[in-house]
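Spelled out, the chains give:
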Amino acid sequence: MPSCFPQGTHGAKGHRVSHADHTVQIRAAHQQFLHTALALLHGKGVAADAGHLFAVQSGSVQRILHALTALHAGGIVPLCTANINDPFAAMVQHPLGKFPGCSAVVVVHAGHILKTLACHHHRHTAVFQRLRQLRSIIAAQQDDARHVVALHGSQIAQFPLGVQLGVSQQHQIALCIQLTGNACRDLPHRLGTDAGSDHPHLIHFSGAQSLGGGIRAVAGLFHYLVDIEVIATSLRILSESQTPPFAIEENSQTKEDIRLKYRYLDLRRPDIQKNLMLKSRVLGLMRQFMANEGFLEIETPILCKSTPEGARDYLVPSRVHPGNFYALPQSPQLFKQLLMASGYDRYFQIARCFRDEDLRADRQPEFTQADMELSFVDIDDVIDVNERLLKFVFKEAIGVDVQIPLQRMPWQEAMDRFGSDKPDTRFGMELVDVSETVKGCGFGVFTGALENGGSVRGINVEGQGHMPRKKIDKLVEHAKGCGAKGLAYLCINEDGTYKSSFAKFMTEDELNALVAKMNGKPGDLLLFAADKNKIVWNVLGALRLQLGEELGLIDENKYNFLWVTEFPLLEWSDEENRFMAMHHPFTMPMEEDWDKIDSDPGAVRAKAYDIVLNGTELGGGSVRIHQDDIQEKMFEVLGFTKERAHEQFGFLLDAFSYGVPPHAGLAYGVDRMIMHMVHADSIRDVIAFPKVKDASDLMSEAPGSVDEKQLEELGIAIVKSEDSEE
């Protein structure tokens with residue numbers, strides 16, 4: 001039989017609850033509980049059954065109206081069939097006709113003490129679940145009983161509940177029985193037990209007075225089931241407050257810079273609190289899963305050595321070693337590989353990482369990373385662990401059932417179809433390569449791109465052939481902002497004719513072939529980009545996402561996971577005029593491509609993989625190089641001499657010289673994951689104290705200047721540029 005008590009805290013001897021001087025042990029014989037309550041009511045001459053129970057003592061009409069209004073808002077109807085000694089009686093004598101279509105339930109008002117018993121299901125999900133559990137227990141014994149039964153009485157104010165006050169606009173109300181003081185005093189006797197005895201059926205009283213014992217015992221149950229609103233008898237101000245600069249409310253419309261300046265007030269808002277509580281829950285679930293999988297949580301240094309081949313480091317000057325600097329870790333990459341060499345074959349860490357790079361909606365200079373590394377594994381092993389991790393976390397945290405195994409897509413396919421290595425697969429509008437179709441046409445923009453080794457690709461914006469020219473011009477400007485020289489378009493009119501920016505340069509047959517290749521139909525808008533592949537992918541990939549959002553093509557309730565695999569090992573940097581590692585210098589190449597490392601380095605694929613959710617890279621990883629000859633060749637291709645490689649990574653290379661197992665790993669951006677779980681627009685909504693776009697903290701005003709004495713101790717002098725203001 002399920003229990004209404006917190007998981008893991010109940011058992012054969014019941015659940016012990018301590019409040020002030022009272023210790024209460026509540027038993028779980030719910031059927032006896034229901035029958036005893038009904039018998040007590042019938043004994044007092046109150047007509048009641050499992051579906052219709054009530055008792056309303058005299059009290060404030062306003063308070064009872066408040067309770068009934070809350071009940072009705074939740075689709076629940078109160079019934080009254082007992083003695084009522086106030087003017088409200090006539091209004092509730094026969095309410096069913098006033099509220100058609102609602103199920104009949106009881107309203108309870110315990111004199112001047114208790115107004116409303118309610119479970120705030122949107123704030124206290126766990127409490128609501130316990131209410132439902134108790135309801136299902138009763139329903140299992142009574143075929144037509146759909147309501148929860150509980151006890152309370154006039155002495156309930158003596159019990160220090162310590163519950164949160166306030167009533168929500170949405171409620172699930174427990175079915176309750178009002179007992180007088182005498183009934184409470186007699187409750188142990190009616191149950192066949194004396195106060196203080198260890199009766200197995202319902203309630204055991206320990207250290208409680210006779211009159212209030214029954215009240216206090218059942219109030220212990222209420223502590224886990226409901227919120228109780230009470231009337232204060234005294235008030236003491238603990239701390240005075242100024243008038244806040246903005247309303248502290250959910251879904252605040254206050255400008256973000258104001259909220260971030262007063263972040264300590266912004267953190268009081270219910271939606272921000274919900275985000276941070278979920279983040280805490282997710283981190284706990286991750287630790288639980290990884291521990292069960294045999295991973296050890298091991299911390300790695302925050303102050304470490306600066307290494308190249310990545311984003312810019314945040315540097316920390318050393319006072320003890322003048323002229324030398326630590327770097328804050330961009331990731332624990334090198335240290336977790338050292339742990340593999342040290343024999344710790346399953347490592348895990350919730351790590352803080354730092355990267356000095358331009359910020360955006362899903363990027364912060366400091367962030368939380370769930371990092372892992374495993375020995376004696378390959379790609380499939382890492383993917384298997386992480387798919388089960390995602391399934392567990394999403395199910396337990398937000399109730400989303402992730403279907404595994406997840407889809408896998410090679411990097412080349414992702415770029416060709418979506419123009420992105422982190423594609424949003426919740427909608428179509430995929431890219432189409434029309435290079436062969438327009439080859440040899442009269443439009444110089446297309447043919448020139450092909451002659452320079454580029455491509456011509458397009459997207460079909462279905463049903464948007466009527467798009468105004470001004471909006472198309474905005475799309476052209478957006479494309480230029482992504483690196484394109486322009487954007488070609490072709491509108492297919494409803495009569496099948498074309499309106500295009502390049503139609504005069506192509507024959508009718510060439511246009512028809514192009515439209516057919518794009519699967520164009522009357523009413524469609526076709527957009528084309530022609531340039532180097534990287535630019536074409538960037539332009540059309542960005543336009544696809546923008547149009548998908550503007551046209552409402554994206555289902556925000558979907559969670560589409562995807563593994564992107566087989567990344568290029570290297571990418572060419574025009575700025576550096578050399579190949580650079582797409583991930584890092586320790587990524588293992590695919591064995592079947594290694595013979596191309598000298599002749600065609602750009603064609604070598606890596607054993608690398610990213611996990612993508614709804615167009616966001618949640619995490620990435622790779623199999624690492626563990627063979628000396630491959631690592632030396634990798635450094636050579638990247639332009640490292642042996643001396644420079646040893647200068648930068650000597651401690652890792654030395655460790656590997658003593659033997660290292662095959663190993664692989666992955667790291668998640670936890671903040672990005674939470675951002676998607678709560679459907680936030682910015683990563684700042686899931687970080688307690690975030691930075692803004694220029695990496696500054698509006699609240700603490702960091703970064704800031706420091707004393708000259710501090711700079712002198714570090715051996716640092718600030719040199720102003722000639723054009724700086726005095």
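Residues numbered from 1 in each chain as written. Predicted model: local features only at pLDDT ≥ 70, side-chain atom pairs only at ≥ 80, totals over all residues. Heavy atoms only, no water.

1. Quick look at the overall build of the protein
Part 1 of the reasoning: Of regular secondary structure, the protein possesses 21 helices and 28 strands.
Part 2 of the reasoning: Among the 726 residues that make up the protein, the fraction classed as buried is 48%.
Part 3 of the reasoning: Within the protein, contacts between residues separated by at least 24 positions form 71% of all contacts whose residues are at least 6 apart in sequence.
Part 4 of the reasoning: Only carbon and sulfur atoms are counted for the fraction: they give 49% of the accessible area of the protein, which is about 36500 Å². (Helix = DSSP H or I, 4+ residues; strand = E, 2+ residues; numbered from the N terminus. Buried < 20%, exposed > 50% of the residue type's maximum accessible area, 1.4 Å probe, protein only. Contact = heavy atoms within 4.5 Å. Areas by Shrake-Rupley, 256 points an atom, 1.4 Å probe, with all protein chains shown as cover.)

2. Looking at helix H9 (residues 270-292)
Part 1 of the reasoning: In this model H9 runs 33 Å from its N-terminal to its C-terminal C-alpha over 23 residues, within 8% of the 33 Å that 1.5 Å per residue would give.
Part 2 of the reasoning: All of the buried residues in H9 are Asp271, Ile272, Asn275, Leu278, Lys279, Val282, Leu283, Leu285, Met286, Phe289 and Met290.
Part 3 of the reasoning: The elements touched by buried residues of H9 are helix H8 (263-266), strand S15 (346-354), strand S16 (366-375), helix H11 (379-398) and helix H20 (670-677). (Expected span 1.5 Å × (residues − 1).)

3. Let's talk about the pairing of strand S25 (residues 578-581)
Part 1 of the reasoning: Pairing of strand S24 (residues 570-573) with S25 involves four bridges; the strand directions are antiparallel. Within S25, the residue paired with leucine 570 across the bridge is alanine 581.
Part 2 of the reasoning: Counting the residues that bridge the hairpin from S24 to S25 gives four residues, and of these asparagine 577 lies at a positive phi of roughly 55°. (Pairing = 2+ DSSP bridges.)

4. Overview of the side chain of aspartate 371
Part 1 of the reasoning: You can see aspartate 371 is positioned in strand S16.
Part 2 of the reasoning: For aspartate 371, the side chain forms a polar contact with the side chain of lysine 336, separated by 2.7 Å.
Part 3 of the reasoning: Leave out the neighbours within four places in its chain, and aspartate 371 touches Pro332, Lys336, Tyr347, Phe348, Gln349, Leu666 and Ala667. (Polar contact = N/O pair within 3.5 Å; in protein donor to acceptor, adjacent residues only side chain to side chain.)

5. A word on the packing of aromatic side chains
Aromatic ring pairs are defined here through the distance separating the ring centres and the angle between the ring planes.
Part 1 of the reasoning: Across all of its chains, the model carries 19 aromatic pairs by this definition.
Part 2 of the reasoning: Summarising the aromatic geometry, the rings of tryptophan 411 and tryptophan 537 are spaced 5.9 Å apart at their centres and angled 85° between planes, so their arrangement reads as edge-to-face. You can see tryptophan 411 sitting in helix H12 (residues 411-418) and its partner tryptophan 537 sitting in helix H17 (residues 533-550), a full 126 residues away along the chain. The pair formed by tryptophan 411 and tryptophan 537 is uniform in burial state, with each residue classed as buried.
Part 3 of the reasoning: Between phenylalanine 443 and phenylalanine 505, the aromatic rings sit 5.4 Å apart at their centres with planes inclined by 20°, giving stacked as the arrangement. Here the residue phenylalanine 443 occupies a position in the loop between helix H13 (435-438) and helix H14 (444-451), and phenylalanine 505 occupies one in the loop between strand S21 (498-500) and helix H16 (508-517), the gap between them amounting to 62 residues. (Phe/Tyr/Trp six-rings, centres within 6.5 Å; stacked < 30°, edge-to-face > 60°.)

6. Looking at the sheet that holds strand S19 (residues 455-461)
To summarise the sheet geometry, strands pair through backbone hydrogen bonds and adopt either a parallel or an antiparallel arrangement.
Part 1 of the reasoning: Strand order in the open sheet made by the five strands is S18-S19-S22-S20-S21, with antiparallel pairing throughout. The open sheet terminates on both sides in strands that have one partner only, identified here as strand S18 (432-433) and S21.
Part 2 of the reasoning: In this structure, strand S20 (residues 488-492) lies alongside S21, joined through three bridges in antiparallel fashion. Along S21, the bridge assignment pairs cysteine 491 with lysine 499.
Part 3 of the reasoning: Seen against the sheet, H14 touches S19, S20 and strand S22 (525-531) and runs at an angle of roughly 40° to S22. (Axes fitted to C-alpha atoms, helices over the stretch in contact; angles between N-to-C directions.)

7. Let's talk about the state of the cysteines
Part 1 of the reasoning: The final tally for this structure, using the stated rule, is zero disulfides.
Part 2 of the reasoning: Between cysteine 304, a free cysteine, and cysteine 353, which holds the nearest cysteine sulfur, the sulfur-to-sulfur gap is 9.7 Å.
Part 3 of the reasoning: Residue cysteine 304 is classed as buried on the basis of its relative accessible area of 13%.
Part 4 of the reasoning: Look at cysteine 353 and you get buried, because its relative accessible area is 1%. (Disulfide = S-S within 2.5 Å.)

8. Observations regarding unusual backbone geometry
Part 1 of the reasoning: A cis amide bond, omega 0°, links isoleucine 404 with the succeeding residue proline 405.
Part 2 of the reasoning: Tracing the sequence through the fold places proline 405 in the loop between H11 and strand S17 (408-410).
Part 3 of the reasoning: The amide bond that connects alanine 702 to the next residue, proline 703, takes the cis arrangement and shows omega of 0°.
Part 4 of the reasoning: As for its placement among the helices and strands, proline 703 is situated in the loop between H20 and helix H21 (708-714).

9. Overview of the nonpolar core
Part 1 of the reasoning: Met286, Phe394, Phe561 and Tyr668 are the most contacted members of the largest nonpolar core, which has 103 residues in total.
Part 2 of the reasoning: Leaving out residues up to four positions away in the same chain, phenylalanine 561 has contacts with Leu390, Phe394, Val402, Leu406, Ile611, Val612, Leu613 and Leu618.
Part 3 of the reasoning: Core analysis: the second largest hydrophobic core is formed by 17 residues, Phe446, Val456, Met506 and Phe528 among them. (Core = buried A, V, L, I, M, F, W, Y, C linked by side-chain atoms within 4.5 Å.)

10. Considerations on the environment of leucine 359
Part 1 of the reasoning: You can see leucine 359 is positioned in the loop between S15 and S16.
Part 2 of the reasoning: Given the relative accessible area of 15%, leucine 359 is considered buried.
Part 3 of the reasoning: Each C-alpha atom, one on leucine 359 and one on lysine 693, is 5.3 Å from the other, the two residues being 334 residues apart in sequence.
Part 4 of the reasoning: Once you skip the residues sitting within four places of it in the chain, leucine 359 turns out to touch Gln364, Pro365, Val692, Lys693 and Ala695.

11. Here we look at the pairing of S19
Part 1 of the reasoning: Among the seven residues of S19, seven are classified as buried, and the element is accordingly described as predominantly covered.
Part 2 of the reasoning: The alternating pattern of S19 places Ser455, Arg457, Ile459 and Val461 and Val456, Gly458 and Asn460 on opposite faces, both of which are buried.
Part 3 of the reasoning: With two bridges joining them, S18 and S19 adopt antiparallel strand pairing. In the sheet register, valine 432 faces S19, and the bridge partner there is glycine 458.
Part 4 of the reasoning: Bridge analysis of S19 against S22 gives seven bridges, and the strand direction is antiparallel.

12. As for the packing of helix H15 (residues 469-481) against H17
Part 1 of the reasoning: Here H15 crosses H17 at 140°, and the two axes come no closer than 10 Å. As the angle between them shows, H15 and H17 are arranged oblique. Like other packed secondary-structure pairs, H15 and H17 cross with a definite hand, here right-handed. Counted together, Lys471, Leu475, His478 and Ala479 of H15 and Val539, Ala542, Leu543, Gln546, Leu547 and Glu550 of H17 form the full contact between these two elements.
Part 2 of the reasoning: Residue composition of the contact of H15 with H17, grouped by class: six nonpolar, two polar and two charged. (Parallel < 35°, antiparallel > 145°, perpendicular 65-115°, else oblique. Left-handed = near helix turned anticlockwise from the far one by under 90°. Nonpolar A, V, L, I, M, F, W, Y, C, P; charged D, E, K, R; others polar.)

13. Details of the sheet that holds strand S28 (residues 663-669)
Part 1 of the reasoning: With mixed pairing, the eight strands of this open sheet are ordered in space as S12-S15-S16-S28-S27-S26-S23-S17. Of all the strands in the sheet, just strand S12 (296-297) and S17 have a single pairing partner and so form its edges.
Part 2 of the reasoning: Note: S15 against S16, nine bridges, orientation antiparallel. Counterpart to phenylalanine 354 in the pairing with S16 is glutamate 366.
Part 3 of the reasoning: Sitting on the sheet, H9 touches S12, S15 and S16, and the angle it makes with S15 is about 150°.
Part 4 of the reasoning: Packing of helix H10 (residues 333-341) onto the sheet brings it into contact with S15, S16 and S28, and relative to S16 it is tilted by some 20°.

14. Thoughts on the pattern of salt bridges
Any two side chains of opposite charge can pair, given that their charged atoms come close.
Part 1 of the reasoning: Summed over the entire model, instances satisfying the criterion amount to 39 salt bridges.
Part 2 of the reasoning: A salt bridge links glutamate 430 to arginine 417, with the nearest nitrogen and oxygen atoms 2.9 Å apart. One end of the pair, glutamate 430, is in the loop between H12 and S18; the other, arginine 417, is in helix H12, and 13 residues separate them in sequence.
Part 3 of the reasoning: With a relative accessible area of 26%, arginine 417 lands in the partly exposed category. (Salt bridge = Lys/Arg side-chain N within 4 Å of Asp/Glu carboxyl O.)

15. Side note on a nonpolar patch on the surface
Part 1 of the reasoning: Side chains of Ile302, Leu303 and Tyr326 sit close together on the surface and give an oily, nonpolar patch of about 250 Å² of accessible area.
Part 2 of the reasoning: What makes leucine 303 partly exposed here is its relative accessible area of 45%. (Patch = residues over 30% accessible without salt bridge, like charges linked within 9 Å, V, L, I, M, F, W, Y side chains within 5 Å.)

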